[in-house]
Amino acid sequence: YKMRRREKQESEWKPTRVGAQDDAAFAVGTLQGLIARLRAQEKTLTEELRNAEQRAAGSEQTLALIIREMPVSLLMFNREGFLTLSNPAARALLEIDTWARRRYLEILGPESALAGHIGECLESGKAFKEENLEYRTARGEARVLDVSLTPCYDQNGQKEGVLCLLEDAAGHRHRE
C-alpha cells in the first residue's frame, strides 16, 4: 500500500508531456487573451481620442469667440497673400464686406500703404510694430491706423503667412 501511494505521489510530480492537441489549445488560449487585451486597449484609446477631440473642439470654439469679440482688428494672410482669418472689428475698421478667396491687394487696394507693408512682410519676413499708416476706406474716408505685422512660421521654419493687428490711432470705435 505504501509503495503504491509513493508511486502515485511521484507520478503526480512528474511533468506530463504536452501533446499536439494541448499545444493547439494553449496557442488558441494565448491568442484569445491577446485579442481581449487588444480590444481593451482599443476601447481605452478610442475613449482618449474622443476626449481629445472634445477638448480640441472646445479650444477651437474658445479661440473663435476670442477672435470674434476682441476689440483689436485681426487679419491673417497665408503665404500666397490670401486672407484666411479676420474678425468683425477688422471688417468694421476697414469697411470691407467681401473677404472670401481674396488677396490682400484686392482687399486693401494696390496703392494702400498697408498692402505694401503686408507684401514686404510676406516677401522678406520683416515685422512692423505699432507703425502708423494712413488708410482710405472704400467711401474715401481717411483713417490713421496703428499697425503691427508679424510673419508666422511653421515648426520647420517655413513662412506660413502674416498676422496683422490694426487699431484706429484716433481711438474711434467702428461698428459693423
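This text gives an overview of the structure that appears in the document. (Residues numbered from 1 in each chain as written. Predicted model: local features only at pLDDT ≥ 70, side-chain atom pairs only at ≥ 80, totals over all residues. Heavy atoms only, no water.)

**Focus on the overall build of the chain**
Quick reminder of the rule: Strands here are runs of E lasting at least two residues and helices are runs of H or I lasting at least four, both read from the DSSP assignment and numbered beginning at the N terminus. The buried label goes to any residue with under 20% of its type's maximum accessible area, the exposed label to any with over 50%, and the partly exposed label to all in between, with areas taken from a 1.4 Å probe on protein chains only. Residues count as neighbours in contact if any of their non-hydrogen atoms are within 4.5 Å of one another.
Scanning the chain for helices and strands turns up five helices and five strands. Reading the chain from its N terminus to its C terminus gives the helix and strand order α-α-β-β-α-α-α-β-β-β. Here the chain holds 176 residues, and the buried ones make up 27% of them. For the chain, contacts bridging at least 24 residues in sequence account for 41% of all contacts bridging at least 6.

**Section: the nonpolar core**
Selection rule: Buried Ala, Val, Leu, Ile, Met, Phe, Trp, Tyr and Cys residues that are joined via side-chain atoms within 4.5 Å together make up what is termed a nonpolar core.
The biggest cluster of nonpolar side chains holds 25 residues, and the ones touching the most others in it are Leu75, Leu94, Leu108, Leu114 and Leu166. Within the residue set of this core, elements represented by two or more residues are β1 (73–78), α3 (88–94), α4 (104–108), α5 (113–124), β3 (128–136), β4 (142–153) and β5 (159–168). Sort the elements by how many residues they give to this core and α5 lands first, with five residues.

**Observations regarding a nonpolar patch on the surface**
Worth spelling out the cut-off: Distance thresholds for patches are 9 Å for like charges and 5 Å for nonpolar side chains (Val, Leu, Ile, Met, Phe, Trp, Tyr), applied to residues having over 30% relative accessible area and no salt bridge. Each accessible area is a Shrake-Rupley estimate made with a 1.4 Å probe; only the visible protein chains count as cover when residues are assessed. Between Lys or Arg on one side and Asp or Glu on the other, a salt bridge is scored when a side-chain nitrogen of the former is within 4 Å of a carboxyl oxygen of the latter.
Taken together, the side chains of Leu31, Leu34, Ile35 and Leu38 define a hydrophobic patch exposed on the protein surface, amounting to about 350 Å² of accessible area. Position of Leu38 relative to the elements: it lies in helix α2 (residues 20–69).

**Describing the packing of aromatic side chains**
Worth spelling out the cut-off: Aromatic contacts are taken between Phe, Tyr and Trp rings whose centres are within 6.5 Å, Trp giving its six-membered ring; a plane angle under 30 degrees counts as stacked, one over 60 as edge-to-face, and the others as tilted. By definition here, charges over rings are those cases where NZ of Lys or CZ of Arg is within 6 Å of the ring centre and within 35 degrees of the ring normal.
Scanning the model with the defined rule gives one aromatic pair in all. Consider the rings of Phe77 and Tyr104, whose centres lie 6.1 Å apart with planes at 75°: the pair is edge-to-face. With a gap of 27 residues between them, Phe77 in strand β1 and Tyr104 in helix α4 connect regions that are remote in the sequence. On the accessibility criterion, Phe77 (0% relative accessible area) is buried. The exposure class assigned to Tyr104 is buried, which follows from its relative accessible area of 9%. Above the plane of the ring of Phe82 lies Arg103, whose end atom (NZ or CZ) is 5.5 Å from the centre.

**Comments concerning the side chain of His117**
By the secondary structure assignment, His117 is in helix α5. Taking relative accessible area as the criterion, His117 reaches 15% and is therefore assigned buried. In contact with His117, not counting residues within four places along its chain, are Phe128, Glu131, Leu133 and Leu149.

**Topic: the pairing of β5**
Formally: A strand pair is defined by DSSP finding two or more bridges across the two strands.
Relative to β5, β1 is paired through six bridges, and the arrangement is antiparallel. Along β5, the bridge assignment pairs Phe77 with Val162. Connecting the antiparallel pair β4 and β5 is a turn made up of five residues, with Gly157 showing a positive phi of about 85°.

**Section: the pattern of salt bridges**
All chains considered together, the criterion is met by nine salt bridges. Glu134 is paired through a salt bridge with Arg136; the nearest N and O atoms lie 3.7 Å apart. The exposure class of Glu134 is partly exposed, given its relative accessible area of 48%.

Everything listed here is a matter of coordinates, which is why it stays silent on function.
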